[in-house]
Amino acid sequence: MKIFNSLTMTKQEFVPIEPGKVSMYVCGPTVYNLIHIGNARPMIVFDTFRRYLEHKGYEVNYVSNFTDVDDKIIKAAIEEGVSPEEIAQRYIAECKKDMEAMNVKPATTHPQATLEIDGMIAMIQELIEKGHAYEKNGTVYFSTRSFRDYGELSHKNLDDLRSGFRDLKVSGEEEKEDPLDFVLWKPKKEGEPFWPSPWSDGRPGWHIECSVMAKRYLGDTIDIHAGGEDLIFPHHENEIAQSTCANGVPFARYWMHNAFLNIDNRKMSKSLGNFFTVRDISQKYDLQVLRLFMLSAHYRSPLNFSAELMESAKASLERIRNAAARLRDLVENGTDAVLAESEKAVLREANGFTAKFDERMDDDNNTADALSVVFDLVRFANTNVPDGAPKELAKGVLDVLLTLTDVLGLIVLTEKENLDEEIEALIEARQAARKAKDFATADRIRDELKAKGIELLDTREGVKWKRI
Ligand code: AMP
Ligand code: ZN
């Protein structure tokens, strides 16, 4: 599998540190408002990449933070007359609802910056002791000159950057030894949340949060670090500097960055005011449509949001759903006939779509091409699995379709149908147990179904069920 690594600017073969395991950190949102669909892009594309890694058999430790202390959160709290914690907790809960509705899996761990302050103080202390940071009037700065490789991710000319910064002259930061030095710890201002530290009552800088949370939950060197491309400089550059200097080993082996979601060919952002929240979109569309829309472009290409593209994503999702529902129907009502040679060949060909799909995903998470394999499979199923086809054939093809859509995180059978499938499976297991005269298991399954609100009726035509 190849990944485009922003560090080397090339597609590289992915080799995890530990065989069979992947540690992955994705920078999460600052929680002061509902997330917008730009924020949803990294969530969806990296969730899909995680699902693909799992499909390939990797055990993935996936960490994504919530930045819950920040100027914008404090500003929102003052405006509403509530505490910053209340704002942060509210929007973490709302963000989780949106994630669920987009079928983004919860991370293995979702750390929150404010619960990790001790780790941040410890890392800052270590950076000071090792000569990579210095304190001035209660503020601690990272000394970028002390890290030889500073700039390696953003591939920027540091001298140009330095002179640019010097012209800007950020007020209150004249005490910095170098214009590229950045804040690790800053003293509180009146009314702001703060924590005690050896340097001042205050709070951490944004960059140190991610270095500390990645270390705590994933280790000193991690396989993959991801986020939006706007984070490359300075955020990720600074994370590399902090982590490498504190831990004495390389920080992340592969860096993945998604391009922006634009609107009218301008970046969608809260500050420009040209955004839609995920919640806005959910008023008009099933969020699976939004997910399909995001996956229809390569994650490193800019994507322009438009009503036309959303309508086309909606039609595409319908096409997949119709094919899945028809196959499902055949599984329920088709014949029990043994497969003819020609049907076995159809099944073999259908199974071959997984390899084609994997090939596209192996090429740097190419979800756009992987989606076209799904559409090819839909077309193949519509032509080669006719109405009245044997159950076994329909089930075989449906299984392939569901495996691929599940990697993309697309829900193509409605909840009821998913539930029906689970119930059918339990009923089948109960029948098998009865046949084997394992009545204890059969009864246990009957009770389990009852707990789900399903009553079984043993009739002359076989087992029927109804909701109670
Ligand atoms: P923020 O809350 O601004 O820190 O952003 C959280 C994540 O969303 C980061 O990975 C950003 O890079 C990403 N992001 C923000 N706006 C967009 C956008 N318009 N398109 C793609 N990603 C974005
Ligand atoms: Zn981060």
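The preceding data block contains the structure.
Residues numbered from 1 in each chain as written. Chains lettered and ligands numbered in written order. Predicted model: local features only at pLDDT ≥ 70, side-chain atom pairs only at ≥ 80, totals over all residues. Heavy atoms only, no water.

Quick word on the coordination of the zinc ion (ligand 2)
Line of reasoning, step 1. Surrounding the zinc ion (ligand 2) are the protein donor atoms Cys 27 (SG), Cys 210 (SG), His 235 (NE2) and Glu 239 (OE), which sit 2.1 to 2.7 Å from the metal.
Line of reasoning, step 2. Taken together, the four donor atoms coordinating the zinc ion (ligand 2) span angles of 71 to 130° at the metal, a pattern that classifies the geometry as irregular. (Donors = N, O, S within 2.8 Å, 3.2 Å for Na, K, Ca; no water. Tetrahedral: all angles 85-135°; square planar, octahedral: opposite > 155°, others 65-115°.)

So, the sheet that holds strand S13 (residues 303-305)
Line of reasoning, step 1. The strand order across the open sheet formed by three strands is S12-S11-S13, and the pairing between neighbours is mixed. The two strands at the open ends of the sheet, each matched to only one other strand, are strand S12 (266-267) and S13.
Line of reasoning, step 2. The pairing of strand S11 (residues 261-263) with S12 spans two bridges and is antiparallel. Bridge pairing in S12 links Ile 263 to Arg 266. (Pairing = 2+ DSSP bridges. Helix = DSSP H or I, 4+ residues; strand = E, 2+ residues; numbered from the N terminus.)

Structural notes on the side chain of Ser 6
Line of reasoning, step 1. Tracing the backbone shows Ser 6 in the loop between strand S1 (2-5) and strand S2 (10-13).
Line of reasoning, step 2. At 2.7 Å, the side chain of Ser 6 forms a polar contact with the side chain of His 257.
Line of reasoning, step 3. When residues no more than four places from it in sequence are discounted, the contact partners of Ser 6 are Leu 153, His 155, Trp 255, Met 256 and His 257. (Polar contact = N/O pair within 3.5 Å; in protein donor to acceptor, adjacent residues only side chain to side chain. Contact = heavy atoms within 4.5 Å.)

Brief notes about the site of ligand 1
Line of reasoning, step 1. In the vicinity of ligand 1, 17 residues are found, and the nearest of them are Gly 228, Asp 230, Phe 260, Leu 261 and Met 268.
Line of reasoning, step 2. Taking Met 268, its main chain carries an N or O atom lying 2.8 Å from a nitrogen atom of ligand 1.
Line of reasoning, step 3. Surface burial for ligand 1 is 89%, taken as the share of its 480 Å² of free accessible area covered by protein chains.
Line of reasoning, step 4. Counting residues per element, the ones that place at least two in the shell around ligand 1 are helix H1 (37-55) and strand S9 (222-228). (Near = heavy atom within 4 Å. Areas by Shrake-Rupley, 256 points an atom, 1.4 Å probe, with all protein chains shown as cover.)

Considerations on the sheet that holds strand S7 (residues 182-187)
In sheet architecture, strand pairing relies on hydrogen bonds along the backbone and comes in two forms, parallel and antiparallel.
Line of reasoning, step 1. The strand order S5-S6-S7-S8 describes an open sheet built from four strands, whose pairing is antiparallel. In the strand order of this sheet, the two ends are held by strand S5 (133-136) and strand S8 (202-204), each with one partner. This sheet shows a mean twist of 20° between the axes of neighbouring strands, independent of strand direction.
Line of reasoning, step 2. Note: strand S6 (residues 139-142) against S7, three bridges, orientation antiparallel. Residue pairing for S7: Phe 142 is matched across the bridge by Phe 182. (Axes fitted to C-alpha atoms, helices over the stretch in contact; angles between N-to-C directions.)

Focus on the packing of aromatic side chains
Line of reasoning, step 1. Under the defined criterion, the tally for this structure stands at ten aromatic pairs.
Line of reasoning, step 2. Ring plane angle 50° and centroid distance 5.3 Å describe the contact between Phe 353 and Phe 380, whose orientation is recorded as tilted. With Phe 353 in helix H11 (residues 341-362) and Phe 380 in helix H12 (residues 367-384), this pair connects stretches of sequence that are 27 residues apart.
Line of reasoning, step 3. By relative accessible area, which is 5% here, Phe 353 ends up buried.
Line of reasoning, step 4. Judged by relative accessible area, which is 8%, Phe 380 ranks as buried.
Line of reasoning, step 5. Taken together, Phe 14, Tyr 58 and Tyr 254 form an aromatic cluster joined through their ring pairs.
Line of reasoning, step 6. Positioned above the aromatic ring of Phe 4 is the side chain of Arg 300, whose terminal nitrogen or guanidinium carbon lies 4.0 Å from the ring centre.
Line of reasoning, step 7. Here the guanidinium or amino end of Arg 319 rests over the ring plane of Phe 375, the centre of that ring lying 4.9 Å away. (Phe/Tyr/Trp six-rings, centres within 6.5 Å; stacked < 30°, edge-to-face > 60°. Buried < 20%, exposed > 50% of the residue type's maximum accessible area, 1.4 Å probe, protein only. Lys NZ or Arg CZ within 6 Å of the ring centre and 35° of its normal.)

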